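Residues per chain are reported as follows:
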Amino acid sequence: MAVPIRIDDVVKYFGSVHAVDHVSIEIEPGEIFFLLGPSGCGKTTLLRTIAGFHDVDSGRIFIGDRDVTSLPPHKRDTGMVFQSYALWPHMTVAENVAFGLDIRRVPKAEAAARVARALDAVHMADRASYKPNMLSGGQQQRVALARALVIEPQCLLLDEPLSNLDAKLRIEMRTEIRRICKERGLTAIYVTHDQKEALSIADRLAVLNGGHVEQVGAPAEVYRRPKNRFVAGFIGEANFLDGKVSAIDAAAVTVETALGKVVADAANVMREAAPKVGDAVTLCVRPESVRVLPAGEAGENAFAATVSRFSYQGDVAQSVLAAGSLSFSAVELGGAATVSQSGAKVIAQFPRAQIVVL
């Protein structure tokens, strides 16, 4: 049965370094929850405090209705999948998977049945007698996942499990991890610095920076409505345009920028305090939201630009557009690209509904 996880005002220091800074997060039963952020943001430290590998300096951790803050790792009923796989080289696949059951002194017949189920879940039943050095990186990661599943934990903890795999295997394993967690009804906490990994697997995610949480939400919410410039710049690619508010009403915010007047929907203001006329703001527009139009087109938030760099990538075409001293990125579907070469004169348009005011 899936359980909730509650992280209540957790603080962790390493010497004078504030690794986790008063973090509070509530994770729903059966949710795949990602901790996302750059190196050194505290995401792995937070995961390891949940697992029990680090003591907290203050705060509480609850798994289900149990306060596990002071419990050792083996009493927290969690399964851990490590970045390095951590497989015993002298053991077979089946023996590696059974290791946690042996430690728990599970009867041999029951252990064998559970190992078989776990290997079947990760599609590795036909490799049970293999040694780790006979497996590919993706297969080794499946074995590490089976080893975590076989103890039938209340929650699954994953520490950048796909970082050692090539691009194609990462995409394949993303699907597998989500399938297994949902089929088994597991609550999972997954650490990564890979934004695409988080956006494609997570039910919700938390973006961390400097030990504290910047934003929590569903992937689409965090991507489309980032709360600040750090989140917008970390989750995917973003164009930023600074300016000052020149007019505001219930429907729209008008901002004077180096490009000229830009109008954004008032509903897309993400600042905690509503901006006032004269306030400095930053506008955020995702590259795929920039419309590239033929030269001579006119409309709201439309500006003359020159294609300074063009890259055709098959499924998409990416342009870097220059307008005065500014440059910004635009992404179009490859078969529908407006331009196909550098130096072209175009119009760049920012649809007001796609502009976020920070």
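None of the values given here were measured: they were computed from a predicted structure.

Q: Can you lay out the packing of aromatic side chains for me, pointing to particular residues and giving the numbers?
A: For the structure on display, the rule yields 6 aromatic pairs. Where phenylalanine 34 meets tyrosine 190, the ring centres are 4.1 Å apart and the plane angle is 15°; that geometry is what we call stacked. With phenylalanine 34 in strand β3 (residues 32–36) and tyrosine 190 in strand β8 (residues 187–192), this residue pair connects regions lying 156 residues apart in the sequence. Each member of the pair phenylalanine 34 and tyrosine 190 is classed as buried. Arranged with centres 5.3 Å apart and planes meeting at 75°, the rings of phenylalanine 328 and phenylalanine 350 form a pair that is edge-to-face. Here the residue phenylalanine 328 occupies a position in strand β18 (residues 326–333), and phenylalanine 350 occupies one in the loop between β19 (345–349) and β20 (356–357), the gap between them amounting to 22 residues. Of the two residues examined, phenylalanine 328 and phenylalanine 350, each falls in the buried class. Its guanidinium or amino end placed over the ring of phenylalanine 240, arginine 229 lies 4.2 Å from that ring's centre, counting from NZ or CZ. Across from the ring centre of tyrosine 223, 4.0 Å away, lies the NZ or CZ of arginine 286, which sits over that ring.

Q: So what's going on with the sheet that holds strand β12 (residues 252–257)? Residues and values would help.
A: Strand order in the open sheet formed by 5 strands is β13-β12-β11-β14-β20, and the pairing between neighbours is antiparallel. Two strands in the sheet have a free side with no partner beyond their single neighbour: β13 (260–265) and β20. Judged from the 6 bridges that link them, strand β11 (residues 239–248) and strand β14 (residues 280–285) form a sheet pairing that is antiparallel. What sits directly across from leucine 241, in β14, is leucine 283.

What counts and what doesn't
Residues numbered from 1 in each chain as written. Predicted model: local features only at pLDDT ≥ 70, side-chain atom pairs only at ≥ 80, totals over all residues. Heavy atoms only, no water. Phe/Tyr/Trp six-rings, centres within 6.5 Å; stacked < 30°, edge-to-face > 60°. Helix = DSSP H or I, 4+ residues; strand = E, 2+ residues; numbered from the N terminus. Buried < 20%, exposed > 50% of the residue type's maximum accessible area, 1.4 Å probe, protein only. Lys NZ or Arg CZ within 6 Å of the ring centre and 35° of its normal. Pairing = 2+ DSSP bridges.

Function cannot be inferred from these measures alone, as they are strictly geometric.
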